[in-house]
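Structural characterization, general
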Amino acid sequence: MNPQAIVARPPKNTSAAQHYVLKFDAAKSGLEFLRHVRNYIYFLSGNYDCGVQVHLGLTYKGLETLDLPAPYLRVLARNSPAFAQGAAIRAPYLGDTLHSAPECWPEFFAKENAHAILSFYGKNKDDISAIVKMVFESPRIIAGQRTPKNLPSPISKILNVKYSPLTDDSTPIERIRRRLTNGTAESTEGDFVHFGYRDGLTSVGFNYPGRKSSLKKGIEEQWHEPGEFLLGRINNDGRNPWALSQATDKVKAFFLDASFGILRQMEQDVASFEAYVSAQVDIEAGKSVDYIKAKLCGRYPDGSLLNPATGTGDSLLPIPLHDADKEGFGCPFGAHIRRMNPRSNDVVHLRQRPLIRRGMPYGVEWTGKDKDVDAKSRGLMGLFFCASIEEQFEHLVGSWADRLPMGFKGAPMSKDPLMGTQEASHNRFEIPLPSGAPIELVDIPTFVTTRGMIYAIYLGAEGLSLLLSDDLIKEDDEEDQ
Amino acid sequence: MSGKAKRKPFNENDYQSAVDKHAKNRVIFEWICDDYDRAKLYQKLSTLQIDTRGTKLGAKPFPIKSRSKFLDDPSPLKSDSTDDCGSIVYLVHNRKDINSIMLDTDSYSNLPYLEIGSGGFMLGLDPLGISVPVGKVDIHKIQREALEHSLVSWQAAEVKTLSQLAVKEAKVMALRNKFFDVADFSEQAALRFCIKLFGFATSDYGLLEESLRRTYRGMNYQMFGRHFLSEPLTLPLAKEWMGRLGTRVSQLLDEYQHLPNYPRWDERLGDPRAKQRLLPEGVEPLSDFGLTGGKPVLQVLATTKLNLTGQERMVIAVGTLAGIVGNVQASVCIAVEHILNQLKNNHIKKSVGSPSAKAFALQPDDWTWIAEAMKLNPPAPYLPRIVAKEVTTPSGFKFNKGDELILMIGTGTNDTSPICPFHNVAGQKEDSLIFGFGENTNLPKQPYSQHWCVGDFLARPLIEETVRATLSLPGLSRRYDPVTAEPLRLEKRWGFACEKFPLSYKREKLRTQQSLNVVMRIKAPIPENAERLKRVIVGGAPRIESALIKARHVHFAWFEFIENDTKLVLHTVYDGDFEAYVSHFALTVDDMFDQLFMSIEGSPPLPVRDFPNEFVETLRRYNLPPAGGYLFSAYPTAETHQITAAVDAGTL
């Protein structure tokens, strides 16, 4: 088992990241560039560590541009139509409409322009910038090509590879670290997102040889079969949808241990969020800022859970056990975490739809005081991994976030209060109470706008080697068999 | 494979450098057909220094060589030595000239409309007098009064209610799938509006649809297209279909006239059919829809004392119908596209929708957006005129008798100079070139009021309701080119007649239930396999039952043998969409499907467990949608789990 390391485990000791969208000029130069990049890519079995982990995702358009033979493209189009179509075409299903619609995304997210994603994770901005420079600007003279005055030029220039940073100022993004008010001996600091919630409290993953549990107290672990995230492996249902029974060994090897990655830039309107939450506060009725935030998310900002018995804090539960909260008195049915990870069996036709999350906030923190700082763009640069874009990522975002998961009680068409593109008449949120009528929050604005999205495949070590060495089954070979 | 080739950018020199008059005609046409180029052309028209008469024109009417030699030239005679692009038509683009021409009905005639059979009527709508003198009778005034009279019983509130009803009815079919076409939706709304307003039978829908499409296209051809294209069939077909519609209208007028004296049946106390006594067969009483004030236009036209023949009454009705449907369709499409285009610059977030919610939907006071869209792209952007006598325009251009003109309404509405004030209706900016605002409005007459336009009273509420209904659809989105992922845009014929505007919405939020009808051919030997399948179904029924109960999203499911037991059909009604639920559910009973598929032709590779994607594709391929895509549900938003929970709780 040798997928790219980021799929199997969170990048170690990393606080910063940067993502680039690449566009290749042609197959030959694109492959040449990727052979150069190959040296930096971090696979699970690799024991080299330059301090910065580099990961490569290729889009369907990118694979077409790199002249991936038709037998492989056909497998992708048949087994993952969402990947083949690309993120923009799937956006309406996800609820990425209106201001989040693809026509509002920057040009480099366009299907024709996004061929690959190159992600860099490192300890700090400087480390990342150094590797970025080596990857894109290594002086190089390509055999048979002459540069002006015979001087070496940046490789990306020689090979006509366009690379666009996802953040406006092209500087790497960094985690928001804060001291925990409820910290423990093991952890006094935690990661946070711009809305002020603690992040990284649930670890989703799969078992692989040599996996070490290094998780800290208070972190929930959810382990699944590898096939939920890796192609060619058995999933939670005991099936292998990428068994490719009729394909040749070379085709199977190409896809083995690949994973689909979804890069999704989500801009967060912190000012609107804080203003809306403040407007709902009613201290006499017990509705503090933290209470409202806790109900919208399903956790208090510091990560602590809501007690189903009282409907407020101090839950003794270590993890969100929604089975024990059948009426939603603790965690409302419409709350963000209950939708995104229902865990229990109250969802109609339950099928676990796990996603590995490797996201990180971008942009400077909102202050509420400094207008210049607050006017800047900020949000979450989400990077999600799964084996089925349709059944996992798209179902979560397009179904469970876009309406209440079927089977839940409450306003069925209401959207995720934190991340939904709100529409009139459905922009409400119910807080069930142990006694009395539920509290209803209405006129919820849209707090999150999708600024762009890319569907990519992160090939395993063997798949990438086969691609770069052009050791692939061609159309004619397949017909001969 | 990929989308359309990119157009080369607008270059005003293309006209001068065009090799001949054919090429020049084509350059102008290409510019006019493209939104971006047309806007550039409008900007440049006032400065282009081209004049076939040898003088510099500046902002004066711009002459182009027309492909249409004669006014009534659907197809030139073989014996005629056609001089293609030999005649001149003037594009009148100066606001002052347009205003003047529309008001001066002594000097300018709307004769071109005669070719499609309504030249005597109010297409083009002059405020006074007539375009074609008929003795000393002011026929136009009589016609206008007749139409006004036929609408007297309709109050604005009732027109609004009728609009809402028409939109609601149009939703049933136009929005039956998640992919829909705004052009289709708005056309359906307008047709259903007209059926009730005029008092047609429901069964007249098809006739109205086809005849008004043909007529609208004929009008557009006559007004504009014939100068650039040759479509020999367009006008004859328009005339033929207008004739068919006219025949039906005449028949209804006769019936409406006849029925007061000879009701369909005697009035009896308590007879539920009483309200239909004076209505022709198939006409639904307006009171059935809560419309108690308005009377069918045809009924009033038929029974009112007017100095008009039956033929003239028919022409009034047909002419009005022809003016409503196509223009409502165009207005709605233009407005929706304009508003969606504004999303990119973020202005729409603040201005459309509830300010507090910042949720997206057109609110009652958001007409401004529609008005702005129509100002930028008027739904009826070209009006034809013939010069009736020698005359000089306000811009100083001298026309000769017989000169053909096209009034470029789009240049007029985009003229922002101070001489072109917007009319201020309830504080909203609007242009009199679109809805007229003539002497029949309650407003004081304005210097640039053009005409009394029935559109302001009838079409405007319908446009507003249809645009609002479209923008309120959950998950409203553009559709994207499947190859390039570029958004599919509003398709306009000749740059203005809106033919297609594909969008999508989350249908399951309005109608959660879906049907699945998988029709599978039984493998030979058919009798044996049919018997085997029956045994499999009987034997597996408890297993299916258990799986369906556990699934909690299937309302009904059954098998049916059809065509003499040669095909097996799996029917289900379920919640959610196919991708999200059917595929995974089916995989939970995959062994059952293995058994079934053993006796089915064209089955996917088995076992299902090893070929899940192929299995799902097979289901999709053999699935037949309901006829016309129409599926009725008495409770379209109720989901299985909600119903069973209510049953379990004893509340249902």
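Our subject is the structure that appears above.
Right, let's walk through the structure included here. (Residues numbered from 1 in each chain as written. Chains lettered and ligands numbered in written order. Predicted model: local features only at pLDDT ≥ 70, side-chain atom pairs only at ≥ 80, totals over all residues. Heavy atoms only, no water.)

**Quick look at a nonpolar patch on the surface**
Residues and elements named next belong to chain B. To keep it simple, the criterion reads: To count toward a patch, a residue needs a relative accessible area over 30% and no salt bridge; like charges are then connected within 9 Å, while nonpolar side chains (Val, Leu, Ile, Met, Phe, Trp, Tyr) are connected within 5 Å. Per-residue accessibility takes into account occlusion by the displayed protein chains alone, with areas from the Shrake-Rupley method and a 1.4 Å probe. Each salt bridge in this description consists of a side-chain nitrogen of Lys or Arg and a carboxyl oxygen of Asp or Glu lying within 4 Å of one another. Going along the chain from the N terminus, every DSSP run of H or I of four or more residues is numbered as a helix, and every run of E of two or more is numbered as a strand. For every residue, the accessible area (1.4 Å probe, protein chains only) is compared with the maximum for its type, and the residue is labelled buried under 20%, exposed over 50%, or partly exposed between those bounds.
A surface patch of nonpolar side chains, amounting to about 310 Å² of accessible area, comprises V172, Y630 and F632. Note that V172 resides in helix α6 (residues 156-174). For V172, a relative accessible area of 33% puts it in the partly exposed group.

**Observations concerning the packing of aromatic side chains**
Put simply, the test is: Pairs were defined over the aromatic rings of Phe, Tyr and Trp, the Trp ring being its six-membered one, requiring ring centres within 6.5 Å. Orientation was assigned from the angle between planes: stacked under 30 degrees, edge-to-face over 60, tilted for the rest. Either the NZ atom of lysine or the CZ atom of arginine qualifies as a charge over a ring when it sits within 6 Å of the ring centre and within 35 degrees of the ring normal.
Under the defined criterion, the tally for this structure stands at 45 aromatic pairs over all chains. Aromatic pair W105 of chain A and F109 of chain A: ring centres 6.2 Å apart, planes at 70°, arrangement edge-to-face. Of the two residues, W105 of chain A and F109 of chain A, both sit in the buried class. These aromatic residues form a ring-pair network of at least three members: Y60, Y72, F83, W242, F254, F255 and F260 of chain A. The ring centre of W241 of chain B lies 4.1 Å from the NZ or CZ of R244 of chain B, which sits over that ring. It is R621 of chain B that lies over the ring of Y622 of chain B; its NZ or CZ is 5.2 Å from the centre.

**Structural notes on the pattern of salt bridges**
Across all of its chains, the model carries 47 salt bridges over all chains by this definition. Between E365 of chain A and R178 of chain A there is a salt bridge, with its nearest N and O atoms 2.6 Å apart. In this pair, E365 of chain A sits in the loop between β15 (360-362) and α13 (371-374) while R178 of chain A sits in strand β8 (residues 176-179), placing the two residues 187 residues apart along the sequence. For E365 of chain A, a relative accessible area of 34% translates into the label partly exposed. For R178 of chain A, a relative accessible area of 29% puts it in the partly exposed group. One salt bridge in this structure joins K492 of chain B and D35 of chain B, with 3.1 Å as the shortest N-O distance.

**Regarding the interface of chain A and chain B**
Our working rule: Any two residues whose heavy atoms approach within 4.5 Å at even a single point are treated as in contact. Here a polar contact is recorded for every N or O atom pair within 3.5 Å, except that within protein the pair must consist of a potential hydrogen donor and a potential acceptor, and residues adjacent in sequence are included only if both atoms are side-chain atoms. For this classification, Asp, Glu, Lys and Arg are treated as charged, while Ala, Val, Leu, Ile, Met, Phe, Trp, Tyr, Cys and Pro are nonpolar and the rest, including Gly, are polar.
Across the contact, 51 residues belong to chain A and 51 residues belong to chain B. Applying the counting criterion to the chain A and chain B interface returns 5 salt bridges. The shortest N-O distance in the salt bridge between R403 of chain A and E639 of chain B comes to 2.4 Å. Counting the contacts that link chain A with chain B gives 10 residue pairs in polar contact (both at pLDDT 80 or more). The residue makeup of the side of chain A that touches chain B, split by class, is 19 nonpolar, 17 polar and 15 charged.

**Regarding the sheet that holds strand β10 (residues 198-199) of chain A**
Residues and elements named next belong to chain A. Our working definition: Here, a strand pair is defined by DSSP locating no fewer than two bridges between the strands.
The 3 strands are arranged β8-β9-β10 in an open sheet whose pairing can be described as antiparallel. The open sheet is flanked by β8 and β10, the only strands paired with a single partner. As paired elements, strand β9 (residues 189-192) and β10 share 2 bridges and run antiparallel to each other. Following the sheet pairing, D191 is matched in β10 by D199.

**A closer look at unusual backbone geometry**
All names here are of chain B. Of the consecutive residues A524 and P525, the connecting peptide bond is found in the cis state with omega at -5°. Inspection of the secondary structure assignment puts P525 in the loop between β15 (513-521) and α18 (526-551). L606 connects to P607 through a cis peptide bond whose omega is 0°. Its location among the elements puts P607 in the loop between α20 (590-597) and α21 (612-622).

**Re the sheet that holds strand β4 (residues 179-181) of chain B**
Residues and elements named next belong to chain B. The test is simple: Between N-to-C directions, angles cover 0 to 180 degrees, with each direction set by a line fitted to C-alpha atoms, over the stretch in contact for helices.
Read from one edge to the other, the open sheet built from 3 strands follows the order β4-β14-β11, with strand pairing classed as antiparallel. The outermost strands of the open sheet, each flanked by one partner alone, are β4 and β11 (477-478). In the sheet, β11 pairs with strand β14 (residues 502-504) via 2 bridges, with the strands oriented antiparallel. Along β14, the bridge assignment pairs S477 with S504. Packed onto the sheet, helix α7 (residues 182-198) meets β4 and β14 and runs at close to 60° relative to β4.

**A short note on the environment of A380 of chain B**
Residues and elements named next belong to chain B. Position of A380 relative to the elements: it lies in the loop between α13 (367-376) and β5 (382-387). Judged by its relative accessible area of 30%, A380 falls in the partly exposed class. If we ignore the near neighbours within four places in the chain, the residues touching A380 are N327 and I409.

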